[in-house]
Amino acid sequence: MLNYALIKPFIWALLGLYLIQSPAHATIVGTPPLTKINIPSEPYITFFDMAQDHNNVIYLTYDKGLKIFDGNRWDTVVIPNTILTRKLFVDEQGKVYVGGFNFFGYVNRNELGAYEFIDLTPTQNPTNFASIWSIASCQNLIYFKALNHIYQYDPKTGNISSWSFKGKLGDVICHQDQVLLQDRSVGLKYLADGLWVDSPIELEDNSLVYDFQVLDNQNIFIHSQSDNWRLIDGHEVKAIHFDAHMPPLGSFSNSLALANNQIIMGSKNGGLTFLDFNTFTAQSFQLSNDWISSIIKANDGGLLILSNFTIYHLTWPSPWRIQGPNSGLSSDIFDLAVWNDQLYATSRAGVFLELPQQQAGADKNFTTLDWTNQEAWKVYPLNDEEMLFAESHYAYLVTRDGKRTQLTDIIYPRDFLASKYHPDHIYMLTELDTRLLLREGGQWRDWVVAPGKPNSVIELSPDTLLITTIEGRFFKVVLNDELNAVEATVEMHHQAGMSAKEISQLQLYPGPNDSVIGITQEKYYQFAHNELQPNDLNGLQQLVAPKDISGMGTSPDGQVWAHSSTQLYLLNEKQQWEVIDATDYLQGGIYDVEFLADQVKISSNSVILSYLFNQRQVTGEVSGKMMITAASLMPKDGSNPVGFPVVNTSPFTMGADVGGLTIEWTFTDIKNLGATEYKYRLLGHNDQWSPFSQNTQANFLELPAGNYAFEVTAKDVNGSTHNSPQLTFNIEPPWYLTPLAKVAWLMCGLALLFSVFKLFLMWRERKHEEQKKALKAIINEKTHALKLANEALQDLAHKDPLTGLSNRLFLDQYINELIENQISRFSVIMMDMDHFKRYNDNKGHLAGDQLLEKFGQSLLTRIKRKQDLAARYGGEEFLIILPQTDQQHTLMAAENIRSHTENQPEKTTVSIGVAFADGNQPIRSAKDIFALIDQADKALYEAKTTGRNQVVVYSETKIAAD
């Protein structure tokens with residue numbers, strides 16, 4: 001069995017020899033910054049080509065047609081009757097041409113915002129030309145190249161010309177206003193006066209040319225099927241060679257010419273290679289594991305790269321190169337160091353070694369060394385053969401062959417600081433103290449210079465150190481001449497103007513020209529004359545707050561640098577600070593910076609960034625375009641939505657049956673997807689802007705009739721705003737609210753108002769009549785009541801209160817009525833209670849009154865007719881007048897009264913006198929009636945004097961005799 005420990009030095013030696021002597025590969029320096037755009041996946045779909053129009057909209061070809069991406073939404077355009085859609089091309093006017101199996105044409109965005117295919121394929125004498133493989137533009141004419149055919153299309157006239165060839169064709173380009181075509185049977189041809197003429201450029205290798213790429217210097221790079229790297233320089237074809245071992249030329253699927261005589265090539269295994277034809281150098285990196293099917297220039301200056309189901313936006317040119325977890329790194333990268341032109345990185349996961357020369361397509365460019373299974377904190381090259389290594393517990397010496405020698409006991413080393421004055425003297429910063437590690441006679445030993453975990457250590461002179469610790473100490477250590485013991489320790493907390501809190505925060509860093517810089521949370525200082533003095537460090541104070549600085553130092557060439565958690569600051573020759581912002585590319589914060597000849601490397605969590613000084617990034621405005629992409633109406637009846645114009649349109653008028661309105665928009669900033677915010681408003685509905693948000697759609701329900709204008713504003717990643725054109729439209733009122741209908745409604749309203757007014761007058765009149773009738777009824781009622789009251793009062797006035805019979809007052813009124821009625825015949829009965837005084841005296845006045853009352857009531861029962869009158873004439877005398885009554889009835893009545901009185905329990909009697917009017921002449925006056933009453937009274941007197949309790953009829957003869 002092999003002893004690994006014995007052969008390991010030989011393996012390291014062979015590895016070193018390989019790294020020195022093996023053929024150079026395309027240098028991998030990391031991946032430029034990129035953005036991924038995921039393409040919606042479908043089963044069994046392949047994407048072939050890509051284009052970007054002037055609005056930054058991306059087009060992809062696939063089997064059945066096109067996929068179109070506007071920065072927010074994907075759309076599909078299916079091309080009828082095709083089995084393959086292959087090639088895209090965008091002319092200078094922004095028109096997108098497309099070609100595929102037996103068809104070619106262009107894509108148009110109609111007024112509704114929808115994309116549609118316009119077919120240009122000739123219909124007369126159609127030819128099966130198979131697929132369109134290339135599309136080019138030259139002198140405002142478009143060329144579609146198929147397998148054996150080429151078509152010329154004039155966009156101005158619409159004319160199409162065509163040529164067919166016996167041999168198969170390669171790529172077609174426009175070079176110096178001349179169309180150049182590869183005919184694989186004879187070589188290169190160019191178009192002259194409508195004829196294809198053999199070119200003076202001879203291709204010794206006439207294998208299939210995938211792409212011709214024209215460089216800035218007008219040389220043409222030939223990307224062919226064979227592994228033959230060539231340039232066309234004038235009429236001469238030259239072989240070319242790069243400084244790196246390149247993969248076979250046929251393994252690259254496509255290529256694209258860039259500025260400054262550079263070309264980018266995409267491989268079939270997902271790698272990208274940048275070729276510099278000025279220096280004939282190459283650098284490569286792995287983008288994905290899928291076929292790179294298309295590379296185009298993005299409108300914002302970057303690159304768009306199509307892989308299977310992914311579009312990559314690559315910022316190019318860019319000074320940044322990113323090496324992340326995919327490169328083999330992991331965990332926090334604490335320290336970077338270059339030893340023998342190789343990059344070493346320490347981390348919690350151990351030590352990583354970068355393989356700087358590696359073929360494009362390889363998976364990782366960092367390998368993990370087996371130096372420790374603990375945390376690795378620091379590597380410090382001493383020379384080309386030796387390097388110090390600090391792991392979690394011990395300090396080691398590592399030699400070039402990979403051999404490691406433990407130098408210390410468990411001291412928890414964290415950092416090394418080489419002495420500027422003493423070779424082989426290294427100050428070590430550990431978790432517990434500050435130590436001096438020194439080599440004497442080939443042996444290493446260490447001793448404690450100062451206890452306490454150090455924050456910073458600065459070598460002021462051959463025997464003097466400045467130290468700060470995490471406990472808040474700031475002191476100076478003076479070593480003895482033999483450098484084997486501490487001669488003196490001087491506390492430095494007496495610094496003028498610095499509080500104890502500031503001293504505890506103090507960090508010390510080496511400055512230019514052996515100066516010392518101090519930083520607290522609030523201020524920058526420079527150490528001079530044995531004290532710290534405030535200093536703004538050439539304006540760094542105004543650029544970044546001291547509390548944000550986490551590291552500082554000088555580069556190998558003496559340039560002062562500082563860094564915060566996300567930014568690097570470099571002091572240039574003009575004593576001005578330049579800012580390198582790594583915020584977008586970091587994970588966590590900056591741990592370490594390492595300066596190389598042409599770049600600076602920055603470490604973070606699982607990431608190493610390289611910033612190339614010779615490729616400074618040119619920043620510009622965001623290139624996105626603000627577009628209203630679609631608008632649709634939702635009818636009130638629930639039927640399918642209906643689109644309405646959004647492109648170059650005058651105000652659109654829609655009917656009144658609109659139930660809802662949906663408007664969609666986008667800002668086509670492909671590089672910064674998801675960073676754009678929008679606000680919108682609909683003038684005529686609500687003039688207020690909505691809050692900024694990432695919504696790209698607005699819905700409006702039940703908009704009333706009127707004139708409207710929709711506006712949307714995008715705020716890009718830099719905070720700049722971009723306005724859309726106004727989308728104006730009108731909503732018609734329903735038929736019953738049109739102007740004519742309003743006039744009709746007005747007339748109807750007026751007629752109705754007139755009718756209502758007339759009905760109101762009629763109602764008011766009827767109401768008035770009803771009120772009059774009611775008032776009249778009330779008056780009648782009140783009059784009747786008043787009459788009854790008057791009658792009651794009259795009755796009270798005309799009645800005897802004791803007997804209820806009429807009194808003398810009513811007798812006078814009654815006599816007047818008899819006179820008015822011209823009564824000619826009537827009878828008078830006069831009555832007087834017999835012995836009433838005696839009855840009254842015997843029975844009492846109350847019994848007398850009761851007797852009179854009872855007698856009066858009995859008279860009322862004997863009087864049957866309304867015209868008859870019964871009255872109390874005075875005291876115990878009573879009177880009855882019977883108009884229109886004969887003597888017989890009068891006597892019967894008188895006798896009835898007498899007999900009834902006689903038969904009462906009181907045993908009283910009544911005497912009665914009766915008189916009759918002769919009836920020959922009507923009564924003329926009251927005197928005549930009173931004369932008759934007087935006659936009846938005389939007859940009564942006779943009845944009294946002749947025995948009482950009898951009825952006596954007046955007789956003149958008899959009365960005269962008496």
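The rules behind each value
- Residues numbered from 1 in each chain as written.
- Predicted model: local features only at pLDDT ≥ 70, side-chain atom pairs only at ≥ 80, totals over all residues.
- Heavy atoms only, no water.
- UniProt positions renumbered as here; feature names shortened; annotations may be inferred.
- Pairing = 2+ DSSP bridges.
- Helix = DSSP H or I, 4+ residues; strand = E, 2+ residues; numbered from the N terminus.
- Axes fitted to C-alpha atoms, helices over the stretch in contact; angles between N-to-C directions.
- Phe/Tyr/Trp six-rings, centres within 6.5 Å; stacked < 30°, edge-to-face > 60°.
- Lys NZ or Arg CZ within 6 Å of the ring centre and 35° of its normal.
- Salt bridge = Lys/Arg side-chain N within 4 Å of Asp/Glu carboxyl O.
- Buried < 20%, exposed > 50% of the residue type's maximum accessible area, 1.4 Å probe, protein only.
- Parallel < 35°, antiparallel > 145°, perpendicular 65-115°, else oblique.
- Left-handed = near helix turned anticlockwise from the far one by under 90°.
- Contact = heavy atoms within 4.5 Å.
- Nonpolar A, V, L, I, M, F, W, Y, C, P; charged D, E, K, R; others polar.
- Core = buried A, V, L, I, M, F, W, Y, C linked by side-chain atoms within 4.5 Å.
- Disulfide = S-S within 2.5 Å.
- Expected span 1.5 Å × (residues − 1).
- pLDDT = per-residue confidence, 0-100.
- Lys, Arg positive; Asp, Glu negative; His and termini not counted.

- Named according to an unreviewed UniProt entry, the protein is diguanylate cyclase originating from Marinicella sediminis.
- We quote the UniProt Catalytic activity (unreviewed entry) comment for the protein here in full: "2 GTP = 3',3'-c-di-GMP + 2 diphosphate".

## A closer look at the sheet that holds strand β24 (residues 271–276)
Consideration 1: Strand order across the open sheet formed by four strands is β22-β23-β24-β25, with antiparallel pairing between neighbours. Each of the sheet's edge strands pairs with one partner strand only, and the pair in question is β22 (252–258) and β25 (281–286). Within the sheet, the average angular offset between the axes of one strand and its neighbour, ignoring direction, is 20°.
Consideration 2: Where β24 and β25 come together, six bridges link them in antiparallel fashion. Residue pairing for β25: T273 is matched across the bridge by S284.

## Structural notes on the pairing of strand β46 (residues 507–510)
Consideration 1: Judged from the four bridges that link them, β46 and strand β47 (residues 516–519) form a sheet pairing that is antiparallel. Counterpart to Q507 in the pairing with β47 is I519.
Consideration 2: Between β46 and β47, which pair antiparallel and follow one another directly, the connecting turn spans five residues, one of which, N513, has a positive phi of 55°.

## Overview of the packing of aromatic side chains
Consideration 1: Evaluation of the coordinates by the stated rule reveals 46 aromatic pairs.
Consideration 2: Ring geometry for F389 against Y396: centres 6.0 Å apart, planes inclined by 25°, an arrangement best described as stacked.
Consideration 3: Members of the aromatic cluster, each reached through a chain of ring pairs, are Y97, F104, Y106, F129, F144, Y151 and Y153.
Consideration 4: Over the aromatic face of F692 sits the side chain of K715, whose NZ or CZ is 4.4 Å from the ring centroid.

## Side note on the pattern of salt bridges
Consideration 1: The full count for this structure, using the stated rule, is 33 salt bridges.
Consideration 2: Among the salt bridges present, the one from D832 reaches K944, with a minimum N-O distance of 2.5 Å. Of this pair, D832 sits in strand β66 (residues 826–833) while K944 sits in helix α9 (residues 926–945), placing them 112 residues apart in sequence.
Consideration 3: On the accessibility criterion, D832 (9% relative accessible area) is buried.
Consideration 4: The salt bridge involving R898 is made with E895; its shortest N-O contact spans 2.6 Å. Of this pair, R898 and E895 both sit in helix α8 (residues 887–902), three residues apart, which is roughly one turn of that helix.
Consideration 5: For E895, a relative accessible area of 34% translates into the label partly exposed.
Consideration 6: Taken together, the salt bridges that share partners define one network made up of D332, R348 and E375.

## Let's talk about the packing of helix α7 (residues 845–862) against α8
Consideration 1: Contact geometry of α7 with α8 gives a least axis separation of 11 Å together with a crossing angle of 140°. As far as their axial angle goes, α8 and α7 are oblique. In this structure, α7 meets α8 at a crossing whose hand is right-handed. Of α8, the residues touching α7 (which contributes F855, S858, L859 and R862) are N896, I897, H900 and T901.
Consideration 2: Tallied by class, residues from the contact of α7 with α8 come to three nonpolar, four polar and one charged.

## Let's talk about the nonpolar core
Consideration 1: Formed by 27 residues in total, the largest nonpolar core has its most connected members in F826, V828, M830, L879, I881 and I929.
Consideration 2: Apart from the residues lying within four places of it in its own chain, the contact partners of M830 are Y873, E877, F878, L879, S911, I912, G913, I933, A936, D937 and L940.
Consideration 3: The next biggest cluster of nonpolar side chains, apart from the first, holds 26 residues, and it includes F667, L682, Y708 and L727.

## Details of the state of the cysteines
Covalent bonding between the sulfur atoms of two cysteines is what defines a disulfide.
Consideration 1: This model, assessed by the stated rule, comprises one disulfide.
Consideration 2: Bridging C138 to C174, the disulfide has an S-S length of 2.1 Å. Disulfide C138-C174: torsion about the S-S bond near 50°, hence right-handed. Within this pair, whereas C138 is found in strand β10 (residues 134–138), its partner C174 is found in strand β14 (residues 169–175), the two being separated by 36 residues in sequence.
Consideration 3: For C138, a relative accessible area of 4% gives the class buried.

## Here we look at unusual backbone geometry
Consideration 1: Residue W316 is joined to P317 through a cis peptide bond whose omega torsion reads -5°.
Consideration 2: Residue placement: P317 occurs in the loop between β28 (310–314) and β29 (320–323).
Consideration 3: The phi angle at D193 is positive, at roughly 55°, despite the residue not being glycine.
Consideration 4: Structurally, D193 can be placed in the loop between β16 (187–192) and β17 (195–198).
Consideration 5: The backbone of D341 sits at a positive phi, close to 65°, despite the residue not being glycine.
Consideration 6: Accessibility expressed as a relative area gives 71% for D341, which makes it exposed.

## With respect to α9
Consideration 1: End to end, α9 covers 28 Å across 20 residues, agreeing with the expected 28 Å (1.5 Å per residue, within 8%).
Consideration 2: Listed in full, the buried residues belonging to α9 are I929, L932, I933, Q935, A936, A939, L940, E942, A943 and K944.
Consideration 3: Remark: G947 follows α9 within two positions and exhibits a positive phi of approximately 130°.

## Observations regarding the confidence of the model for the protein
Consideration 1: Scored by pLDDT, the protein has a mean of 88; 94% of the residues are at 70 or more.
Consideration 2: Taken together, the stretch residues 1–28 has pLDDT below 50 and engages in 41 contacts with residues farther than four places along the chain or on a different chain.

## Brief notes about the pairing of strand β6 (residues 85–90)
Consideration 1: Relative to strand β7 (residues 96–100), β6 runs antiparallel, the two sharing five bridges. Within the sheet, the bridge partner assigned to K87 lies in β7 and is G99.
Consideration 2: What sits between β6 and β7 in their antiparallel hairpin is a turn of five residues, with G94 showing a positive phi close to 90°.

## Considerations on the side chain of E502
Consideration 1: Tracing the backbone through its elements, the reader meets E502 in helix α2 (residues 500–505).
Consideration 2: Buried E502, no salt bridge; nearest opposite-charge side chain is K523, N-O distance 5.4 Å.
Consideration 3: Apart from residues lying up to four places away in sequence, E502 is in contact with G497, T520 and Y525.

## Thoughts on the sheet that holds β47
Consideration 1: Sheet architecture is open: four strands sit in the order β46-β47-β48-β49, paired in antiparallel fashion. Two strands bound the open sheet, and with one partner strand each, they are β46 and β49 (531–534). This sheet shows a mean twist of 35° between the axes of neighbouring strands, independent of strand direction.
Consideration 2: Relative to β49, strand β48 (residues 524–528) is paired through four bridges, and the arrangement is antiparallel. Bridging across to β49, A528 finds its partner in E531.

## So, α7
Consideration 1: Taking 1.5 Å as the rise per residue, α7 with 18 residues should run 26 Å; its terminal C-alpha atoms sit 26 Å apart, in good agreement.
Consideration 2: Taken residue by residue, α7 has A847, G848, L851, L852, F855, G856, S858 and L859 as its buried positions.
Consideration 3: Where α7 is buried, its residues meet β66, α6 (836–843), β67 (869–874), β68 (877–883), α8 and β69 (910–916).

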